[in-house]
Structures are given as structure tokens and as C-alpha cells.
Amino acid sequence: MKNKMKWLPVLLCLVLFAGMAIGSGSSSSSDGDKQISSVTTSSDSESKETDAGGTEAGAAEQAQEEKKEEASAVTIEEQVLYDDNDIKITATGIEDSWAGTKLTLLIENNSAKGITVQARNANVNGYMVETMMSADVAAGKKANDGLTFQTSGLKECGIEQIATMEFLFHIFDSESWDEIVDTDVIKIDTSVAEGYVQNYDDSGEVLVDTNGVKIVGKGLSDKNSFFGPGVILYIENNSDQDITVQVRDVSVNGFMVDSSMSEDVVAGKKAISAVTFFSSSLEENGITDITDVELFFHIFDLKSWETVFDSDVITIKF
């Protein structure tokens, strides 16, 4: 019994040493986990460095693209467009606006009466285009305003950049509406004018080709306008006079219908236009599909309204 009691402390010591050994092994295993975790963290760090490098590269590419856009941006030189009748109009720049591309203008009215300044016969790259401008300037005052070339019109003509613009100013008394002056035609070349080539798509069915006037039918419009569907037209005025092109006696599928079409085309210019049929008129006649259109074109002088010629009656099949 005494011998057993003598061995009891020894056994207790052995158990204690074994526990310490096991604890030491567990601690070593924990340190090993931390090292693996540390390696994983190092890998994440390298990934972050790569992402940062990619972000920097992306930023550099974006900066280069912005520089290219700035280099290719259309600009004009500041220039006086009109200076007479105590009225001075200066083109100060060109910029994008909510409705299109805007030619910015400084209008100085040094006369004794209020004036309104508008634009007429505007064209871009040889195409007639829709514009927006009506600036009122009181006597002795100045105004920052502009002539806006509408985006929709530019797209219809396939104009990607404005190389040249032409127009004239129509200036009149704001109160009496008496005309003060219609200026000479003003032409502005932009920074991309030199070497720029505008494409003119005259493909389609030739409907008129006489007296220097060419009209080409380009089919029905893909999108209906507010009033209704229409026939797309390409018009060239190769004559020496400014003209207006309209249509008369329009019928669809044999039924007379209400329509709309009036396009001003100055000498040497082109236009994209459309004969629009009123939806209400088509509905009244039970027309759901357009199979044929019959009409004739009435062409007259833009200023005098004197008839230039009337075309033969034309039938367009679809």
C-alpha cells in the first residue's frame, strides 16, 4: 500500500507533463492557423494592389478618351456676324443644349427701339434643318442668346458633326413687327470644316427630276409622327432660286385624305422631308394599311410665292 502511495505523485506528475505537452501542441496548431490566415491576407493584399493598378489604368484610359473628345470637339472662332442699324450680333461659341447644338450669340441693341432677332433658311452641311431662336432685346440693352439646330433634324439628315452652317437673321421691331432688316446669308465654318465630307443619301424612287429640282421617295416612315404616318422624301434644289415644295390632291388607297407637307429649300441645298397623313383622316376612311399614295407636287418661289412648276400626278406603290 505504501509502495502504491509512493507512485501516486509520480503518476500525477506524468499526467501534468502530458497535459502541458497537449496544450503546447494545441498552441502550435493555433499559430499555424494564424500563419495560413496571414498568407491569405497577403494574397488579398496583392489582389487589392492589382485592383488599384487596374483602377489607375482605367482612369488613365478615361482621361485619354476625354482628351480625344476634347480634341475632336467642334468649335468656332468668335466673330461678328452682323453690325448695322445700331445692332451688333457676335457669334461667341458653340455648345450642346437640351434641344440640339446651340450657336451662342451676343446681341447688342444700340438702337432706340426694342427688337426681335430670328433666323431664316438655316442649313447645316448643305441640308436644310429645323432651328429654334427668337431673341427680344430692349433698346440700349444686350442679350446672350443663341441659334439652336435641333438634334432630331440633324439625325434625320445623317449629320454627325456640324462642319458648316448657313442662315440669315430676320430682325424686326418687337412692338410693331415692322421689318428692320433681313441680313445677307451668313456662313460659319467650324473647326472640322476643312476636309469634312457630308454624305447625301438620294437612294429611292425618283418622283420628280425637272427644272433643277429632284424629289426622291424613300418609303413609309418607320415611326408615326404625332399626326400620323408619312412618306419620306429626299429633295435636291439644284436651281438658282429658293423654293418651297408642297403637295396637292393627296389620296391614300383611293381615298382623299388630309395631309401636311411644306419644305423650304434654298438654292443649291438639300432636305429630308415627309408627306404626313393625319391619323384621324385615315381612320375615317377605314385605312389600316397604306398600299398606294397619289399626289402632285406644287413648287413655288420662296419669296414671291410665284409658281415655279407643278409636277405630274404621281402614284407611289408600297
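Look a little higher up for the structure.
Caption draft 1: Quick look at the overall build of the protein. When helices and strands are tallied, the protein shows three helices and 22 strands. For the protein, with 318 residues in total, the buried portion stands at 37%. Intrachain contacts of the protein at a sequence separation of at least 6 include 60% that bridge at least 24 residues. As displayed, the protein offers around 19,200 Å² of accessible surface, 48% of which is attributable to carbon and sulfur atoms.

Caption draft 2: Up close: unusual backbone geometry. Although it is not a glycine, N211 adopts a positive phi angle of roughly 50°. Checked against the element boundaries, N211 lands in the loop between β12 (205–210) and β13 (213–220). A relative accessible area of 48% means that N211 is categorised as partly exposed. With a phi angle near 50°, D249 is a residue other than glycine that sits in the positive phi range. In this fold, D249 is placed in strand β15 (residues 243–252). D249 gets classed as exposed once you look at its relative accessible area, which sits at 54%.

Caption draft 3: Focus on the layout of surface pockets. Its boundaries defined by the atoms lining it, the largest pocket holds a volume of some 1,400 Å³. As for the largest pocket, its lining consists of 45 residues, of which E130, E156, E263, I272 and S273 are closest to the centre. Per-class residue counts for the lining of the largest pocket are 17 nonpolar, 16 polar and twelve charged. In this model, the second largest pocket occupies a volume close to 370 Å³. Lining the second largest pocket we find 14 residues, and of these D96, T101, E160, Q161 and I162 sit closest to its centre. Counting residues per element, the ones that place at least two in the lining of the second largest pocket are β2 (87–96), β3 (100–109) and α2 (151–156). Of the residues assigned to the lining of the second largest pocket, the class counts are six nonpolar, four polar and four charged.

Caption draft 4: Main features of the side chain of T183. Position of T183 relative to the elements: it lies in the loop between β10 (179–182) and β11 (186–189). According to the relative accessible area criterion, T183 is buried, its value standing at 8%. Within the structure, the side chain of T183 is placed 2.9 Å from the backbone nitrogen of F169, a separation counted as a polar contact. For T183, the contacting residues outside a window of four places in its chain are Y82, L168 and F169.

Caption draft 5: Just the pairing of strand β4 (residues 115–124), in detail. Among the ten residues in β4, eight count as buried, and that is most of the element. Pairing of β4 with strand β7 (residues 134–137) involves four bridges; the strand directions are antiparallel. Of the residues in β7, the one forming a bridge with V117 is A135. Relative to strand β9 (residues 164–173), β4 runs antiparallel, the two being bridged by eight bridges. Its bridge partner lying in β9, N123 is registered against E166. If you look at the hairpin formed by β4 and strand β5 (residues 127–128), you'll find two residues sitting between the two strands, and N125 has a positive phi there, around 55°.

Caption draft 6: Region of the structure containing the pattern of salt bridges. Tallying each qualifying case throughout the model produces three salt bridges. For E166, the salt bridge is made with K269, and the minimal N-O distance between the two is 3.4 Å. A residue pair is termed long-range when its members are at least 10 positions apart, and E166 in strand β9 and K269 in the loop between β18 (262–265) and β19 (270–277) qualify at 103 residues. The exposure classification of E166 matches that of K269, with both residues buried. For K214, the salt bridge goes to D202, with nearest N and O atoms at 3.4 Å. Note that K214 is positioned in strand β13 and D202 in the loop between β11 and β12, a separation of twelve residues in sequence. Residue K214 is classed as buried on the basis of its relative accessible area of 17%. Relative accessible area serves as the criterion here: at 34%, D202 is assigned to the partly exposed category.

Parameters and conventions
- Each residue is numbered by its place in its chain's sequence as written, counting from 1.
- Only residues with pLDDT of at least 70 are given local features in this predicted model, and only at 80 or more are side-chain atom pairs given and counted; all residues enter the totals for whole chains, interfaces and linings.
- Values reported for side chains reflect all heavy atoms of the structure, with hydrogen atoms and water molecules removed beforehand.
- Helix and strand assignments come from DSSP, with helices taken as H or I runs of at least 4 residues and strands as E runs of at least 2, each series counted from the N terminus.
- The rule is simple: take the accessible area with a 1.4 Å probe, protein chains only, and divide by the maximum for that residue type; under 20% is buried, over 50% is exposed, in between is partly exposed.
- Residue contacts are defined here by distance: any two heavy atoms, one from each residue, within 4.5 Å place the two residues in contact.
- All accessible areas in this document rest on Shrake-Rupley with a 1.4 Å probe, and a residue is counted as covered only by the protein chains that are shown.
- Grid points spaced at 1 Å over the protein atoms alone were grouped into cavities, where a 1.4 Å probe fits but cannot get out, and pockets, open sets with protein on both sides within 12 Å along at least five of seven lines, with lining residues defined by an atom within 4 Å of a point.
- Grid points are joined across faces, edges and corners, and a volume is the space filled by probe spheres set on the points.
- The residue classification treats Ala, Val, Leu, Ile, Met, Phe, Trp, Tyr, Cys and Pro as nonpolar and Asp, Glu, Lys and Arg as charged. All others, Gly included, are polar.
- In the analysis that follows, any N or O atom pair within 3.5 Å is treated as a polar contact, provided that within protein one partner can donate a hydrogen and the other can accept it, and provided that, for residues neighboring in sequence, both atoms belong to side chains.
- A pair of strands is considered paired only if DSSP assigns at least 2 bridges between the two.
- A pair is scored as a salt bridge if a Lys or Arg side-chain nitrogen falls within 4 Å of a carboxyl oxygen belonging to Asp or Glu.

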